Amino acid sequence: MSHPRSIIVHGHFYQPPRENPWLEEVEVQDSAAPAHDWNERVTAECYAPNTAARRVNAHNRIHDIVNNFEKISFNVGPTLMSWLERHAEDVYRTIVEADRVSARERGHGNALAQVYNHMIMPLATRRDQVTQVRWGLADFRSRFSREAEGMWLPETAADSETLEVLAEHGVKFTILAPNQAWRIRPLDRDAWVEVGDRIDPSRPYLWRSRRGHELTLFFYDGPISRAIAFEHLLERGETLVARLRDGFSDARDWPELVHGATDGESYGHHSKFGDMALAAAVQQIEAEGFADLTNYAAFLAKHRPTWAVEIRERTSWSCAHGVERWRADCGCRVNPSTHQRWRAPLREALDWLRDRVDGWYEARAGALFQDPWAARDEYIEVILDRSPARLAEFLGRHQRSPLDAAATLEARRLLEMQRNRLLMYTSCGWFFDELSALEPVQILKYAAIAMQDLRDLGGGPLEPELLRRLEVAPTNVREFRDGADVWRRLVRPVAVDLRRVVAHYAISGLLEDYPDDMRIYAFRVRRLDEVGESYAGTALRIAHVRVSSEITGDTKEQMYAVLHFGGHDFSCGVRAWEDRVTYDEMKAQLTSRYARFSMADMVRAMDDWFPGQSFSLPHLFLEERRRVLANVTRAVLDKHEEAYRRIWDESRKLVHYLRQADAPIPEALRIVARHVLEEEARALLATVPQARAIPHTLFELVDEAQALGLTLDLTPARPAMHEAVRTALAAVAEVPRPERAADALALVSGAQQLGVRFGLWAVQNQFFDIWRARPGDRLVLQPLALALGFELPLTP
């Protein structure tokens, strides 16, 4: 072999934006259980494991922990990076640092940028393509502190216009699927040869636009990529290495590249332990040295294209029909028993809305900004930094003339309208099978908030016409008739305005003591006045508040009254602030009627003061609604707790006797026994973090449950045990004395004996850091290493 050989493994790490568009936070998603939501679940299964991948021996004991992101080419979608920064900061920082490490080692960083919110670029307007690329590049620059050399296209969907936009913005290369190639030729020849998916992926290709822009294209190896993603190639690292090695050919006489590109989620989420297989493969490739493990930018710096390429227009890696998966019932789907006749009406409805929103934006923003579309292109600066200083600098740069408070509010609403209008084209809304699923509903929520902004700015109601268009979008389930039905039942009820924020504050504030000034998701509520009364399990609260959106700056003063009848029964009225006289009159009348202890009279008074919509518990935002209902349910159960314990005390000897006599325990007594023992065990586990030890009585209690054939659910105790073990290890890290190591070992061994999860993955990471930092204390640390699953001797 006389020519160099290189390997690149690329992972496209991405999750669609899942935030409630009004609250700017991801709400609980039950389908992701036991995780809070799908971002959290995929992070636990893939993103976090790849920042600390285990290399294990033949007995599955850990001998090293490595960061896969330092070795592979990758892109992480901007919307995912934003979530990671807020909710998994360690993972976020480790990914960013991996790019810096690779840049030092290879001269070029592993990370690529990505089109901002995963829009299918060939189906977008030229103006949207430009904004998506500029936002993606700006997001990358702000996070990785360098300019991006390459950019990932969502679903690798491309046409000549898309590639030209990339080239115009200084992008050097992108990655496509082999089926997207049309024809090739050597740069020093004029004759083209059609290749289709038979293109040789072992070299880079130069693409030129008709206007002279150039972009390097890498076409990944299709069979290798399919094997990684769908053919269980990640079951063993050795298998992956063998497949990559087989990609080379002695018949080639040029610098040879074998590379695969897949969803990054293949490494751990789609293929369990795929992160470990990848880590093992990387170790083997580097140890055997048969090829240079590199990234695209580093390879391109050494090996410039010698062949030209032209592509098939409007193609992608995940649709055999080009880009029809995102606008037609083309047959590409997950479940073969479903249809996708809803895709075209959904696309057409959103295109109609886009045109209405853009026309209004151009007219109104044109009066405020020197160039409304340039302002939109640079609005990413404000999205990334919501500080008042950044907003002021942005407006000062783009305004036609100084903006007063009203004009500033309008400018912010217009730009946020555009942000949500762009987000409604996130590709996942069309990818899967059912219109009422999470992803299509999410993009419809973005459409809803864009329409809400337009309406509030004076653009008129667009919902009736949008619903008419969605009526021709059929679903696959009986529960929902069509897209309009999905909208009415899954989108409209979750819409938020400032009145609903106040209602949420009012109802939930009855159940806990809120401060005078507090943040509720993307809103801030300041209490200016309040009076409250209560009697016989009921409560009344009346208040004057100021509520504002942190995103748009929209601010209103409101007054409310909330009545709690007990349990889960609330009634809340909200109306705009008028004046002090009206507010004082409302307070006097409502408190006077409440003092008469007549609930019927009180309800009539509420109706008089707050005609129209009345808010109740279902209007709380989902997380708080469930928390309140859990508290209400717990209060009901607590009333019966004494009865459960009395039954258990009276039947305990009988239950043990039945077990000893090999007689069945009545189900009612099994339920009571399990409940009481679980409650006692959870209470004892809650004391562990403070006591820094597991009480002996807990072992006796769990032994008793096992003797009775009962399995206790101690999952709620996981956070407490995790805190205790992490605290004990932190003490070892500070001063690794034998008694401290023994305390930590006792907690780990005890938790394992009890079957209580304590966050083993994070604890192993913490211990590995201690092991590396304390080479002189490893004799003391050895028992802990064995208990946590490490081999000895452990890699330094």
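Residues numbered from 1 in each chain as written. Predicted model: local features only at pLDDT ≥ 70, side-chain atom pairs only at ≥ 80, totals over all residues. Heavy atoms only, no water.

A. Molecular detail of the overall build of the protein. Looking only at helices and strands, the protein has 29 helices and 19 strands in total. Its C-alpha atoms give the protein a radius of gyration of 30 Å, near enough to 28 Å, the size a compact globule of 796 residues would have. With respect to the three principal axes, the spread of C-alpha positions in the protein is 95 × 75 × 55 Å. The proportion of buried residues among the 796 residues of the protein is 56%. Surface summary for the protein: the accessible area is close to 34400 Å², and the carbon and sulfur share equals 50%. With 101 positive and 116 negative side-chain charges, the protein shows a spacing of 2 Å between the two charge centroids. (Helix = DSSP H or I, 4+ residues; strand = E, 2+ residues; numbered from the N terminus. Rg over C-alpha atoms; globule rule 2.2 N^0.38 Å. Buried < 20%, exposed > 50% of the residue type's maximum accessible area, 1.4 Å probe, protein only. Areas by Shrake-Rupley, 256 points an atom, 1.4 Å probe, with all protein chains shown as cover. Lys, Arg positive; Asp, Glu negative; His and termini not counted. Charge placed at Lys NZ, Arg CZ, Asp CG, Glu CD.)

B. Representation of the pattern of salt bridges. Summed over all chains, the structure comprises 87 salt bridges. A salt bridge links Arg580 to Asp584; the shortest N-O distance between them is 3.3 Å. Placement of the pair is Arg580 and Asp584 together in helix H20 (residues 580-595), with a separation of 4 residues, close to one helical turn. The exposure class assigned to Arg580 is partly exposed, which follows from its relative accessible area of 40%. (Salt bridge = Lys/Arg side-chain N within 4 Å of Asp/Glu carboxyl O.)

C. Representation of the nonpolar core. Core analysis: the largest hydrophobic core is formed by 99 residues, its most contacted members being Leu346, Tyr361, Phe369, Trp487 and Tyr560. The element that contributes the greatest number of residues to this core is helix H16 (residues 438-456), accounting for 10 residues. Excluding its chain neighbours within four sequence positions, the residues that come into contact with Leu346 are Gly429, Trp430, Leu435, Ile443, Leu444 and Leu470. (Core = buried A, V, L, I, M, F, W, Y, C linked by side-chain atoms within 4.5 Å. Contact = heavy atoms within 4.5 Å.)

D. Quick peek at the packing of helix H2 (residues 78-87) against helix H4 (residues 126-144). Relative to each other, H2 and H4 sit at 35 degrees, their axes nearing to 10 Å. For H2 against H4, the interelement crossing comes out left-handed. Across from Pro78, Met81, Ser82 and Glu85 in H2, the residues of H4 making contact are Asp139, Arg143 and Phe144. (Axes fitted to C-alpha atoms, helices over the stretch in contact; angles between N-to-C directions. Left-handed = near helix turned anticlockwise from the far one by under 90°.)

E. Structural view of the layout of surface pockets. If you add up the space inside the second largest pocket, you get close to 1200 Å³. Top element by residues in the lining of the second largest pocket is helix H6 (residues 222-230). It accounts for 6 residues. Residue composition of the lining of the second largest pocket, grouped by class: 17 nonpolar, 11 polar and 9 charged. (1 Å grid on protein atoms, 1.4 Å probe; cavity = no way out; pocket = protein on both sides within 12 Å on 5 of 7 lines; lining within 4 Å. Points joined across faces, edges and corners; volume = space filled by probe spheres on them. Nonpolar A, V, L, I, M, F, W, Y, C, P; charged D, E, K, R; others polar.)

F. Region of interest: the packing of aromatic side chains. Counted according to the given criterion, the structure contains 25 aromatic pairs. Seen from their ring centres, Tyr116 and Trp135 are 5.2 Å apart, and the 90 degrees between their planes marks the pair as edge-to-face. With Tyr116 in the loop between strand E5 (111-114) and H4 and Trp135 in helix H4, the pair connects residues that are 19 residues apart, well separated along the chain. Neither residue differs from the other here; Tyr116 and Trp135 are each classed as buried. Aromatic side chains Phe431 and Phe432 sit 4.9 Å apart centroid to centroid with 75 degrees between the ring planes, which places their arrangement in the edge-to-face category. A residue is classified by how much of its surface remains accessible, and Phe431, at 17% relative accessible area, is buried. Judged by its relative accessible area of 33%, Phe432 falls in the partly exposed class. Among the aromatic residues, those joined into a cluster by ring pairs are Phe13, Tyr47, Phe69 and Phe74. When the ring centre of Phe431 is taken as reference, the NZ or CZ atom of Arg325 above it lies at 3.7 Å. (Phe/Tyr/Trp six-rings, centres within 6.5 Å; stacked < 30°, edge-to-face > 60°. Lys NZ or Arg CZ within 6 Å of the ring centre and 35° of its normal.)

G. Region of interest: the sheet that holds strand E17 (residues 538-549). Spatially, the 5 strands line up as an open sheet ordered E15-E16-E17-E18-E19, and their pairing is antiparallel. Whereas interior strands pair on both sides, the edge strands pair on one side only; in this sheet they are strand E15 (517-520) and strand E19 (569-576). In this sheet, neighbouring strand axes are inclined to one another by 30 degrees on average, regardless of whether the strands run parallel or antiparallel. By the bridge criterion, 10 bridges tie E17 to strand E18 (residues 555-566) in an arrangement that is antiparallel. Each residue of the ladder has a partner; that of Ser548, found in E18, is Thr555. Against the sheet, H20 makes contact with strand E16 (523-535), E17 and E18, and its axis sits at roughly 155 degrees relative to E17, the strand it touches most. Seen against the sheet, helix H21 (residues 599-609) touches E16, E17, E18 and E19 and runs at an angle of roughly 165 degrees to E18. (Pairing = 2+ DSSP bridges.)

H. Spotlight on the pairing of strand E2 (residues 53-56). Judged from the 4 bridges that link them, E2 and strand E3 (residues 62-66) form a sheet pairing that is antiparallel. The partner of Arg55 across the bridge, within E3, is Asp64. Adjacent in sequence and paired antiparallel, E2 and E3 are bridged by 5 residues, among which Asn60 carries a positive phi angle near 65 degrees.

I. Layout of empty space enclosed by the protein. Under the criterion given, the structure shown has 4 cavities of 30 Å³ or more. The volume enclosed by the largest cavity comes to roughly 50 Å³. Every residue along the wall of the largest cavity is listed here: Val76, Pro78, Met81, Leu112, Ala113, Gln114, Gly136, Asp139, Phe140, Arg143 and Phe144. No other element matches H4, which puts 5 residues into the lining of the largest cavity. When the residues that make up the lining of the largest cavity are grouped by side-chain class, the tally is 7 nonpolar, 2 polar and 2 charged.

J. Expanded view of unusual backbone geometry. Put simply, Ala33 and Pro34 share a cis peptide bond, and its omega is 10 degrees. Here Thr156, not a glycine, exhibits a phi torsion of approximately 50 degrees, which is positive. Along the chain, Thr156 turns up in the loop between strand E6 (151-152) and helix H5 (160-168). On the accessibility criterion, Thr156 (0% relative accessible area) is buried.

K. Geometry of H20. Taking 1.5 Å per residue as the helical rise, H20 with its 16 residues ought to reach 22 Å, and the 22 Å between its terminal C-alpha atoms agrees with that figure. Within H20, burial applies to Thr582, Tyr583, Met586, Lys587, Leu590, Arg593 and Tyr594. Summarising the axial view, the buried residues of H20 lie within an arc of 150 degrees, below the 170-degree limit, and thus occupy one face. Contact partners of the buried residues in H20: E16, E17, E18 and H21. A distance of 3.2 Å separates the backbone nitrogen of Val581 from a side-chain oxygen at the start of H20, and that oxygen is part of Asp579. With its phi angle positive at about 60 degrees, Phe597 sits one or two positions after the end of H20. (Expected span 1.5 Å × (residues − 1). Arc of directions from axis to C-beta. Polar contact = N/O pair within 3.5 Å; in protein donor to acceptor, adjacent residues only side chain to side chain.)

L. Fine view of the state of the cysteines. One pass over the structure, following the stated rule, counts 0 disulfides. Between Cys330, a free cysteine, and Cys332, which holds the nearest cysteine sulfur, the sulfur-to-sulfur gap is 3.8 Å. (Disulfide = S-S within 2.5 Å.)

M. Just the environment of Ser616, in detail. Looking at the element boundaries, Ser616 is found in the loop between H21 and helix H22 (622-660). A C-alpha to C-alpha distance of 6.1 Å links Ser616 and Cys572, two positions 44 residues apart in sequence. Beyond its immediate chain neighbours, meaning those up to four positions away, Ser616 contacts Ile507 and Phe570.

N. Layout of the sheet that holds strand E9 (residues 193-194). Across the sheet, which stays open at both edges, the 6 strands sit in the order E7-E11-E10-E14-E8-E9 with mixed pairing between neighbours. The sheet is open, and its two borders are formed by strand E7 (173-176) and E9, each paired with just one other strand. As paired strands, strand E10 (residues 205-208) and strand E14 (residues 307-311) are joined by 2 bridges and run parallel to one another. What sits directly across from Tyr205, in E14, is Trp307. Where H5 meets the sheet, its contacts fall on E7, E10, strand E11 (214-219) and E14, and the angle it forms with E11 comes to roughly 115 degrees.

O. Molecular detail of the packing of helix H1 (residues 38-51) against H2. Where H1 contacts H2, the two axes come as close as 12 Å, and the packing angle between them is 90 degrees. The angle between the axes of H1 and H2 places the two elements in the roughly perpendicular class. Contacts between H1 and H2 involve Asn39, Glu40, Thr43 and Tyr47 from the former and Leu80, Trp83 and Leu84 from the latter. Split into classes, the residues belonging to the contact of H1 with H2 amount to 4 nonpolar, 2 polar and 1 charged. (Parallel < 35°, antiparallel > 145°, perpendicular 65-115°, else oblique.)

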